[in-house]
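Letter by letter, the chains look like this.
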Amino acid sequence: GAGVSQSPRYKVAKRGQDVALRCDPISGHVSLFWYQQALGQGPEFLTYFQNEAQLDKSGLPSDRFFAERPEGSVSTLKIQRTQQEDSAVYLCASSLFGDRGRSGTQYFGPGTRLTVL
Amino acid sequence: SQQGEEDPQALSIQEGENATMNCSYKTSINNLQWYRQNSGRGLVHLILIRSNEREKHSGRLRVTLDTSKKSSSLLITASRAADTASYFCATDVGRLVFGKGTKLTVNP
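Every value quoted in this text rests on a predicted model; they were computed, and no experiment measured them. (Residues numbered from 1 in each chain as written. Chains lettered and ligands numbered in written order. Predicted model: local features only at pLDDT ≥ 70, side-chain atom pairs only at ≥ 80, totals over all residues. Heavy atoms only, no water.)

## Concerning the layout of surface pockets
And then number 1: The volume enclosed by the largest pocket comes to roughly 750 Å³.
And then number 2: Taken together, 34 residues line the largest pocket, and the ones lying closest to its centre are Gln 37, Leu 39 and Gly 40 of chain A together with Gln 37 and Ser 86 of chain B.
And then number 3: Elements with a contribution of two residues or more to the lining of the largest pocket: strand 9 (88–95) and strand 11 (112–116) of chain A together with strand 1 (5–7), strand 9 (85–92) and strand 11 (102–107) of chain B. (1 Å grid on protein atoms, 1.4 Å probe; cavity = no way out; pocket = protein on both sides within 12 Å on 5 of 7 lines; lining within 4 Å. Points joined across faces, edges and corners; volume = space filled by probe spheres on them. Helix = DSSP H or I, 4+ residues; strand = E, 2+ residues; numbered from the N terminus.)

Here is the structure:
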């Protein structure tokens, strides 16, 4: 079946613009995660959804970052008033179960590379 | 902040040789996972080892976990040029916390 897909794959924004990044998880997957990966670094956790509920948003770097998953499937990560330090690859991952105690295997999308000029 | 620390940061070997990467972490974990990332691509899950397991195999991969030392190692045997990628360990503390990765180059 289809894996996790993300769009757009590349986004260039001028500083101050708002951007919206989309994630289509694997059908039926309960858990959805967003990560931010800076160049040469490992992914850093941003936020976690179990179905439509956002159970953990402790990794969001500022209140300019907002994520939603209104129907428990597709998710959107929105960044308002983008800054140069927001430039990174944004990765989405989904996993089958919603057990917060054990993340289990996560399936990653290809990422959206955001460049803020 | 990142918990895992992979060692070495970069590794270059010849095809057919074995590659060993190490990961150290700081807190108690539910499990530890290893992922591979090819240049410009998403991460691919390789193997998961639970906190009560000490060793696990999958094909040419062998993972060990020592919870007393808070460390893990990933061994890739008989490496191939296609194994060239960055390898990340990720500790499961209710969410995944990744290290900075080891960049492996396998020369043909």
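Past the structure itself, the notes keep going.
## Description of the state of the cysteines
And then number 1: Scanning all chains against the criterion turns up two disulfides over all chains.
And then number 2: The disulfide partner of Cys 23 of chain A is Cys 92 of chain A, and the gap between their sulfur atoms is 1.8 Å. One quick way to see it: the torsion about the S-S bond of Cys 23 of chain A and Cys 92 of chain A is about -65 degrees, and its sign makes the bridge left-handed. Residue Cys 23 of chain A is found in strand 3 (residues 19–24), and its partner Cys 92 of chain A is found in strand 9; the two are separated by 69 residues along the sequence. Across the pair, Cys 92 of chain A and Cys 23 of chain A agree in class, each one buried.
And then number 3: Linked covalently through their sulfurs, Cys 23 of chain B and Cys 89 of chain B form a disulfide whose S-S length is 2.0 Å. Around the S-S axis, the bridge from Cys 23 of chain B to Cys 89 of chain B shows a dihedral of about 65 degrees and counts as right-handed. Taken together, the residues span a long stretch of sequence, with Cys 23 of chain B in strand 3 (residues 19–24) and Cys 89 of chain B in strand 9 at a distance of 66 residues. (Disulfide = S-S within 2.5 Å. Buried < 20%, exposed > 50% of the residue type's maximum accessible area, 1.4 Å probe, protein only.)

## Points about the sheet that holds strand 3 of chain A
All names here are of chain A.
And then number 1: Here four strands make up an open sheet; going across it, the order is 1-3-8-7 and the pairing antiparallel. Looking along the sheet, the strands with just one partner apiece sit at the ends: strand 1 (5–7) and strand 7 (65–68). Mean inter-strand twist for the sheet, computed between neighbouring axes without regard to direction, equals 15 degrees.
And then number 2: Across three bridges, the pairing between strand 1 and strand 3 is antiparallel. Each residue of the ladder has a partner; that of Ser 7, found in strand 3, is Arg 22. (Pairing = 2+ DSSP bridges. Axes fitted to C-alpha atoms, helices over the stretch in contact; angles between N-to-C directions.)

## Considerations on the sheet that holds strand 3 of chain B
Residues and elements named next belong to chain B.
And then number 1: What the five strands build is an open sheet, ordered 1-3-8-7-6; its pairing is antiparallel. The outermost strands of the open sheet, each flanked by one partner alone, are strand 1 and strand 6 (55–58). Within the sheet, the average angular offset between the axes of one strand and its neighbour, ignoring direction, is 15 degrees.

## Regarding the nonpolar core
And then number 1: Leu 32, Trp 34, Leu 74, Ile 76, Tyr 87 and Leu 104 of chain B are the most contacted members of the largest nonpolar core, which has 21 residues in total.
And then number 2: Those residues in contact with Ile 76 of chain B that lie beyond four places of it in its chain are Glu 17, Asn 18, Ala 19, Met 21, Arg 60, Leu 61, Asp 83, Tyr 87 and Leu 104 of chain B.
And then number 3: Counting residues in hydrophobic clusters, the runner-up holds 20 residues, among them Leu 21, Leu 32, Leu 46 and Val 116 of chain A. (Core = buried A, V, L, I, M, F, W, Y, C linked by side-chain atoms within 4.5 Å. Contact = heavy atoms within 4.5 Å.)

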